[in-house]
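Analysis of the macromolecular model
One-letter residues, chain by chain:
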Amino acid sequence: MVRGYVVDGTNICNAPQTRMLQPVLAIAMELLRRGDEFVCYFDSSTYARHLGGTIATRNEQQQALNELLAKYPEHFQQAPPGHKADDFILPLAEARRYS
């Protein structure tokens, strides 16, 4: 049975010990491996406020996030400026009947 999920990527990136994209990618890979559908939403402020590490690491993560958004829009979305991912997550989950 295929299941669907809407993931709050910013909340996952903001975990105290992480502040990186790796946990989001691990979740995405597992959902793809299982054949589940998912959309991962990020706040517009994810790069500025939620990704940690050195400046070089932050720049690499910003580049990776931009690539995810550009190459896989069916799975990765970013809320427009002035909005949080939360504004889109529940309506999308309800519309698609996702968890």
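One structure accompanies this document, and this report is about it.

Thresholds applied
Residues numbered from 1 in each chain as written. Predicted model: local features only at pLDDT ≥ 70, side-chain atom pairs only at ≥ 80, totals over all residues. Heavy atoms only, no water. Salt bridge = Lys/Arg side-chain N within 4 Å of Asp/Glu carboxyl O. Buried < 20%, exposed > 50% of the residue type's maximum accessible area, 1.4 Å probe, protein only. Helix = DSSP H or I, 4+ residues; strand = E, 2+ residues; numbered from the N terminus. Pairing = 2+ DSSP bridges. Axes fitted to C-alpha atoms, helices over the stretch in contact; angles between N-to-C directions. Contact = heavy atoms within 4.5 Å. Phe/Tyr/Trp six-rings, centres within 6.5 Å; stacked < 30°, edge-to-face > 60°.

This brings us to the pattern of salt bridges. If you walk through the whole model with that rule in mind, you get three salt bridges. In this structure, the salt-bridge partner of Asp36 is Arg34, at a minimum N-O distance of 2.7 Å. Here Asp36 falls in the buried class, since its relative accessible area comes to 8%. The salt bridge partner of Glu67 is Lys71, with a shortest N-O separation of 3.9 Å. Here the residue Glu67 and the residue Lys71 both occupy positions in helix H4 (residues 55–71), the gap between them amounting to four residues, near one helical turn. With a relative accessible area of 54%, Lys71 lands in the exposed category.

Spatially, E1-E2-E3 is the arrangement adopted by the three strands of the open sheet, whose pairing is parallel. Only two strands of the sheet have a single neighbouring strand rather than two, namely strand E1 (4–8) and strand E3 (76–78). Here the strands of the sheet are splayed against their neighbours by 20 degrees on average, with no regard to which way each runs. With five bridges joining them, E1 and strand E2 (residues 37–42) adopt parallel strand pairing. Bridging from a neighbouring strand, Tyr5 pairs with Phe38 of E2. Across the sheet, helix H2 (residues 22–34) touches E1, E2 and E3, and the angle it forms with E2 is around 165 degrees. Where helix H5 (residues 86–96) meets the sheet, it contacts E1 and E2, and its direction lies at approximately 175 degrees from that of E1.

Attention shifts here to the environment of Gly4. By secondary structure assignment, the location of Gly4 is in strand E1. Residue Gly4 is classed as buried on the basis of its relative accessible area of 9%. The sequence separation of Gly4 and Ala93 amounts to 89 residues, and the corresponding C-alpha distance is 8.3 Å.

Okay, the packing of aromatic side chains next. The geometry of an aromatic ring pair is captured by two quantities: the separation of the ring centres and the angle between the planes. Inspection of the entire model under this criterion finds two aromatic pairs. Considering the side-chain rings of Phe38 and Phe76, the 5.9 Å spacing of their centres and the 80 degrees angle between planes classify their relative orientation as edge-to-face. Remark: Phe76 occurs in strand E3 and Phe38 occurs in strand E2; sequence separation between them is 38 residues. Across the pair, exposure class does not vary: Phe38 and Phe76 are buried alike. Geometrically, the ring pair formed by Tyr41 and Phe88 is stacked, given 5.4 Å between the ring centres and 10 degrees between the ring planes. On the criterion of sequence distance, the pair formed by Tyr41 in strand E2 and Phe88 in helix H5 is long-range, its members being 47 residues apart.

Function cannot be inferred from these measures alone, as they are strictly geometric.
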